Amino acid sequence: MEPIDRRTFLAAGAATAASLGTASPAAAKADKSGAVFLSTWKWGVHANTRAAEVLDGGGSLLDAVEKGINVVEDDPNVMTVGYGGLPNAQGEVELDAGIMDGTTHRAGSICNLHKIKNPISVARLVMERTRHTTLAGEGALQFAIAMGFAPMQLLTPKSLEAWLKWRSTPDRKSFWIDGEHHDTIGMVAADGEGKVVAGCSTSGLAWKIPGRVADSPLVGCGYYADDAAGAASATGDGDVMTNYCTSAFIVQQMARGAHPQEACEECMRMMARSAPDIHTDMYCVIAINPRGEIGAASMNSKQPLQYAHWRGGSGTLETAAAFLG
Ligand code: ASP
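The text that follows walks through the structure, step by step, so that each part is easy to find. (Residues numbered from 1 in each chain as written. Predicted model: local features only at pLDDT ≥ 70, side-chain atom pairs only at ≥ 80, totals over all residues. Heavy atoms only, no water.)

1. Re helix H3 (residues 44-56)
For an α-helix, 3.6 residues make a turn, and residues three or four places apart therefore share a direction.
Then, number 1: Spanning 13 residues, H3 covers 18 Å between terminal C-alpha atoms, matching the ideal 18 Å at 1.5 Å per step.
Then, number 2: Listing the buried residues of H3 in full gives Gly44, Val45, Ala47, Asn48, Thr49, Ala51, Ala52, Val54 and Leu55.
Then, number 3: Trailing H3 by a residue or two, Gly58 shows a phi angle of about 105 degrees, which is positive. (Helix = DSSP H or I, 4+ residues; strand = E, 2+ residues; numbered from the N terminus. Expected span 1.5 Å × (residues − 1). Buried < 20%, exposed > 50% of the residue type's maximum accessible area, 1.4 Å probe, protein only.)

2. What to know about the pattern of salt bridges
Then, number 1: In the structure shown here, the tally under the stated rule is nine salt bridges.
Then, number 2: Of the charged contacts in the structure, one is a salt bridge between Arg124 and Asp63, with a shortest N-O distance of 2.6 Å. Of this pair, Arg124 sits in helix H5 (residues 119-129) while Asp63 sits in helix H4 (residues 61-74), placing them 61 residues apart in sequence.
Then, number 3: Between Glu128 and Arg124 there is a salt bridge; the shortest N-O distance is 3.1 Å. (Salt bridge = Lys/Arg side-chain N within 4 Å of Asp/Glu carboxyl O.)

3. Some words on H4
Then, number 1: The end-to-end C-alpha distance of H4 is 20 Å, a good match for the 20 Å that 14 residues give at a rise of 1.5 Å each.
Then, number 2: Counting buried positions along H4 gives ten out of 14 residues, so the element sits mostly inside the fold.
Then, number 3: Looking at the buried side of H4, the elements it contacts are strand S2 (36-40), H3, strand S3 (95-101), H5, strand S6 (185-190) and strand S7 (196-202). (Contact = heavy atoms within 4.5 Å.)

4. A closer look at the environment of Pro119
Then, number 1: Locating Pro119 in the fold gives a position in helix H5.
Then, number 2: Exposure remark for Pro119: the relative accessible area of 0% places this residue in the buried category.
Then, number 3: For the pair Pro119 and Asp96, spaced 23 residues apart in sequence, the C-alpha separation works out to 6.4 Å.
Then, number 4: Those residues within four positions of Pro119 in sequence are excluded, and the remaining contacts are Glu73, Leu95, Asp96, Ala97, Ile110, Leu113 and Ser201.

5. A short note on the nonpolar core
Then, number 1: Judged by nonpolar contacts, the single largest core of 87 residues is most densely connected at Phe37, Ile250, Met268, Met271, Tyr283 and Val285.
Then, number 2: Residues Met79, Trp163, Trp166 and Ala206 belong to the second largest nonpolar core, which totals six residues. (Core = buried A, V, L, I, M, F, W, Y, C linked by side-chain atoms within 4.5 Å.)

6. Regarding the sheet that holds strand S9 (residues 230-236)
Then, number 1: Spatial strand order, S8-S9-S10-S11: four strands in an open sheet with antiparallel pairing. For this open sheet the edge positions go to strand S8 (223-226) and strand S11 (294-298), each flanked by a neighbour on one side alone. Averaged over all neighbouring strand pairs, the angle between strand axes comes to 10 degrees, with direction disregarded.
Then, number 2: Sheet topology note: the S8/S9 ladder contains four bridges and is antiparallel. In the strand pairing of S9, Tyr223 is matched with Ser233. (Pairing = 2+ DSSP bridges. Axes fitted to C-alpha atoms, helices over the stretch in contact; angles between N-to-C directions.)

7. Quick notes on the site of the ligand
Then, number 1: What surrounds the ligand is a group of eleven residues, the closest being Thr184, Arg212, Asp215, Thr235 and Gly236.
Then, number 2: With respect to the ligand, the side chain of Arg212 contributes an N or O atom lying 2.7 Å from an oxygen atom.
Then, number 3: A distance of 2.8 Å is found between a nitrogen atom of the ligand and a side-chain nitrogen or oxygen belonging to Asp215.
Then, number 4: The fraction of the free accessible surface of the ligand (270 Å²) that becomes covered by protein chains is 100%.
Then, number 5: In the shell around the ligand, the residues fall into one nonpolar, seven polar and three charged. (Near = heavy atom within 4 Å. Polar contact = N/O pair within 3.5 Å; in protein donor to acceptor, adjacent residues only side chain to side chain. Areas by Shrake-Rupley, 256 points an atom, 1.4 Å probe, with all protein chains shown as cover. Nonpolar A, V, L, I, M, F, W, Y, C, P; charged D, E, K, R; others polar.)

8. Some remarks on the packing of helix H9 (residues 246-255) against helix H10 (residues 260-272)
Then, number 1: Interaxial distance between H9 and H10 falls to 9 Å at its minimum, and their mutual angle equals 130 degrees. Taken together, the axes of H9 and H10 lie oblique to each other. As H9 packs across H10, the resulting crossing turns out to be right-handed. Touching Thr246, Phe249, Ile250, Gln253 and Met254 of H9 are Pro260, Ala263, Cys264, Glu266, Cys267, Met270 and Met271, all from H10.
Then, number 2: Here the residues of the contact of H9 with H10 sort into nine nonpolar, two polar and one charged. (Parallel < 35°, antiparallel > 145°, perpendicular 65-115°, else oblique. Left-handed = near helix turned anticlockwise from the far one by under 90°.)

9. Notes on the environment of Trp310
Then, number 1: Relative to the assigned elements, Trp310 resides in strand S12 (residues 306-311).
Then, number 2: The spacing of Trp310 and Ser39 is 271 residues in sequence and 8.6 Å in space, taken between C-alpha atoms.

10. Notes on unusual backbone geometry
Then, number 1: The backbone phi angle of His105 is positive, close to 60 degrees, even though this residue is not glycine.
Then, number 2: In this fold, His105 is placed in the loop between S3 and strand S4 (106-113).
Then, number 3: Although it is not a glycine, Asn112 adopts a positive phi angle of roughly 55 degrees.
Then, number 4: Note that Asn112 resides in strand S4.
Then, number 5: Using a relative accessible area of 11% as the deciding quantity, one classes Asn112 as buried.

Structure, rendered in structure tokens:
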């Protein structure tokens, strides 16, 4: 099937937009600055609202993205990110996150982090306090502790019960799960003054092989930002999406003049040439340019992308039209 054109996409997005009434005096003020936030999935609505508050309160765009993502990491009801995220095959919650500053072109990331509920904040400290870009596993945990983060149990009664149920199922799926348990918070933001930031945080696939790292914490894959072009983030089957460096690809398209929507569609087109199961698997992306223009796309309508869009003092939850229909 042919990809939809941009006008059709935008019309479809507008048709599915649902006002969530997140207007607030703080948000309205932040809007005067022209800031725009775009986040994946329904929990992105709360992340965006918090991000707008932080910016309005005098925080930087990096503060806004970090604190916005913290809201989702702290929520035990989001079982794919942070505290309460579903664990790996051994019952251990392993978190991944990354953040990139489009102004300095610096990124920080954390992989396989145990016992610390806010990996995006640890990732930011990797970026700002070290000469490294990525820390993983035990070293990441030790770094987080040295930075003052308190280790804690990240399993909740609900996620423990889900893991015990999975483990006692004789024909259980290994290393993959149904769509309900497989999501991420990705956020891209523009401050209206030329700066962009991208961030991403996830517990990854439930029941994954311990040590697995996919796209979310990898710079250029789960997130990428460059003030000269824009920012992008990805969600979906990260084991596949990693191989396409989706976020860097989208930002490069924008650098060549593409609208964020065209850049997202071009990414789906590029992936569709060789990615497996394009009609059933989840491959989704979001993008923003420094002017606050946005894009979002999912590969197919079986795995639609919901994204939260904040601008003008209020938020909406929208559904991206599928590239393949
Ligand atoms: N991309 C994430 C991962 O593969 C999961 C997701 O975004 O749904 O770990």
